[in-house]
Each structure stands twice: as C-alpha cells, then as structure tokens.
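One letter stands for each residue in the lines below.
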Amino acid sequence: ISSQPDYESKQNIEHGYIKLQNTNYVIGTLKDKQKVTILTDSGSSKTLISRDLVNKSKVLSTLARLKCKPIQFECADGSTITSEEAIKFDLNIQGHVFQIIAMITNSLGTVDIILGDKSLREIGANLDFRTRQLRFEKRSFNMFLKKSIVLRPHQKQEIDLYGTLPKHIRNGNC
C-alpha cells in the first residue's frame, strides 16, 4: 500500500479582465440570461444582493437560502440595512462565471448586486482606475494520473482525488 496519491496536481493562475463602466458598474447575467446591474465596491465588507431580484428571478427564487446570524451594514448615506440570509449562485460577467455567495438585503437602490470586498479578495481582484478594468485570478487545476486506468464502454470506476481547493470555489457559508 502506497501513501502517495496516484496523481499530481498543479495550480495554474492566469488573469482575466472585466471592463467596467463609469463609476465601477458592470452588467452581468444570471443562468437564465437575465441581466443584472453590479457595483464593484471594495468598501463593502460582503457581497449583497437585492431581495427584490431574488424574489422575481426565475433562477434565484428557486435556490436554497442560507440562514445566518443577523448582520447590519452601514450604507454610504449613514442608513443601515440588515440581512439574515444569503444565497449562493452563478454570475456571468463578460463571459467569466463566478460562484457567488451574497447576503440578501431589502434595498440596494438602482443596483441589483454589490460585489464586495470578501468576493473581490477571493478572486484575487485588482482594480485599475486608469484603464477601468477589474483584473482577477483565473484559477485552474491540472490533474495528472500516475498510473493507468483502463475503462471499457459503460464501465465506471471511482477515483479519489485529494487536494485543497481555493476558498472561492469551496462550499461557503455566510
């Protein structure tokens, strides 16, 4: 019995770019191609999503909601909003798909989603104000088997893979 796994893995980091509109807004889409307005805001501690969008969206309204301890957020105008639940969903921004966990809040004004500091850090984002681009780390993992496995048509075999995934693609919590 060998204690060595039967594969090698290597993490590759490339960069992706998202072109922002004026004032750090960008348009994204949900799985059903519904367009959403996103504000990238490193001053927001968490990613937030409008309850109105969650309730009206064909995709988001069917997803499970994660219960959380109540969290209060202070807005730029000094008002506060509270959230007690979150939702995990896929968000497409200019062809790049991200798995997002967002706190559900009652009102975000004219914005559907605020992409906050936690999500921006998890994707390794850097904001370039000169070019109005958000650069992020595109991560992929190559796995190489160390021994051959032969499968015939309709044959199945389980293969256990061991490793650590980056935090942004692990199952998250609030």
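About the cut-offs
- Residues numbered from 1 in each chain as written.
- Predicted model: local features only at pLDDT ≥ 70, side-chain atom pairs only at ≥ 80, totals over all residues.
- Heavy atoms only, no water.
- Salt bridge = Lys/Arg side-chain N within 4 Å of Asp/Glu carboxyl O.
- Helix = DSSP H or I, 4+ residues; strand = E, 2+ residues; numbered from the N terminus.
- Buried < 20%, exposed > 50% of the residue type's maximum accessible area, 1.4 Å probe, protein only.
- Polar contact = N/O pair within 3.5 Å; in protein donor to acceptor, adjacent residues only side chain to side chain.
- Contact = heavy atoms within 4.5 Å.
- Core = buried A, V, L, I, M, F, W, Y, C linked by side-chain atoms within 4.5 Å.
- Pairing = 2+ DSSP bridges.

### Points about the pattern of salt bridges
- Under the criterion given, the structure shown has six salt bridges.
- Residue Lys67 pairs with Glu85 through a salt bridge whose shortest N-O separation is 3.6 Å. A residue pair is termed long-range when its members are at least 10 positions apart, and Lys67 in strand 5 (residues 65–74) and Glu85 in strand 6 (residues 80–93) qualify at 18 residues.
- By relative accessible area, which is 10% here, Glu85 ends up buried.
- One salt bridge in this structure joins Arg121 and Asp117, with 2.7 Å as the shortest N-O distance. Here Asp117 and Arg121 lie together in helix 2 (residues 117–122), a separation of four residues that amounts to about one turn.

### Quick notes on the side chain of Thr47
- Within the fold, Thr47 resides in the loop between strand 3 (35–40) and strand 4 (48–50).
- Residue classification places Thr47 among the buried residues on the basis of a relative accessible area of 3%.
- One polar contact links Thr47 to Ser119, side chain to side chain, over a distance of 2.6 Å.
- In this structure Thr47 touches Ile100, Ile101, Ala102, Met103, Ile113, Ile114, Leu115, Gly116 and Ser119, once residues within four positions along its chain are discounted.

### Focus on the nonpolar core
- Ile49, Phe89 and Leu91 are the most contacted members of the largest nonpolar core, which has 24 residues in total.
- Within the residue set of this core, elements represented by two or more residues are strand 3, helix 1 (51–56), strand 6, strand 7 (96–105), strand 8 (113–115) and strand 10 (133–145).
- In this structure, Leu39, Leu48, Ile81 and Val111 belong to the second largest nonpolar core, which totals ten residues.

### As for unusual backbone geometry
- One non-glycine residue, Gln94, lies in positive phi territory at about 50°.
- Residue class for Gln94 comes out partly exposed when judged on its relative accessible area of 42%.

### Here we look at the pairing of strand 6
- The pairing of strand 5 with strand 6 spans seven bridges and is antiparallel. Opposite Lys67, over in strand 6, you have Glu85 as the bridge partner.
- From the end of strand 5 to the start of strand 6, which pair antiparallel, there are five residues, and Gly78 there has a positive phi angle of about 95°.
- Bridge count between strand 6 and strand 7: eight bridges; the pairing is antiparallel. When the bridges of strand 7 are listed, Ile87 appears paired with Ala102.
- Linking two consecutive strands that pair antiparallel, namely strand 6 and strand 7, is a turn of two residues; a positive phi of about 50° is found at Gln94 within it.

### As for the environment of Lys31
- Within the secondary structure layout, Lys31 lies in the loop between strand 2 (25–29) and strand 3.
- Note: C-alpha distance between Lys31 and Lys58 (27 residues apart in sequence) is 9.4 Å.
- Lys31 has contacts with Val59 and Asp90, leaving out every residue within four places of it along the chain.
- For Lys31, the side chain forms a polar contact with the side chain of Asp90, separated by 3.4 Å.

### Re the environment of Gln72
- As for its position among the elements, Gln72 is in strand 5.
- Exposure remark for Gln72: the relative accessible area of 58% places this residue in the exposed category.
- Each C-alpha atom, one on Gln72 and one on Glu84, is 9.0 Å from the other, the two residues being twelve residues apart in sequence.
- The contact partners of Gln72, leaving out residues within four places of it in the chain, are Thr80, Ile81 and Thr82.

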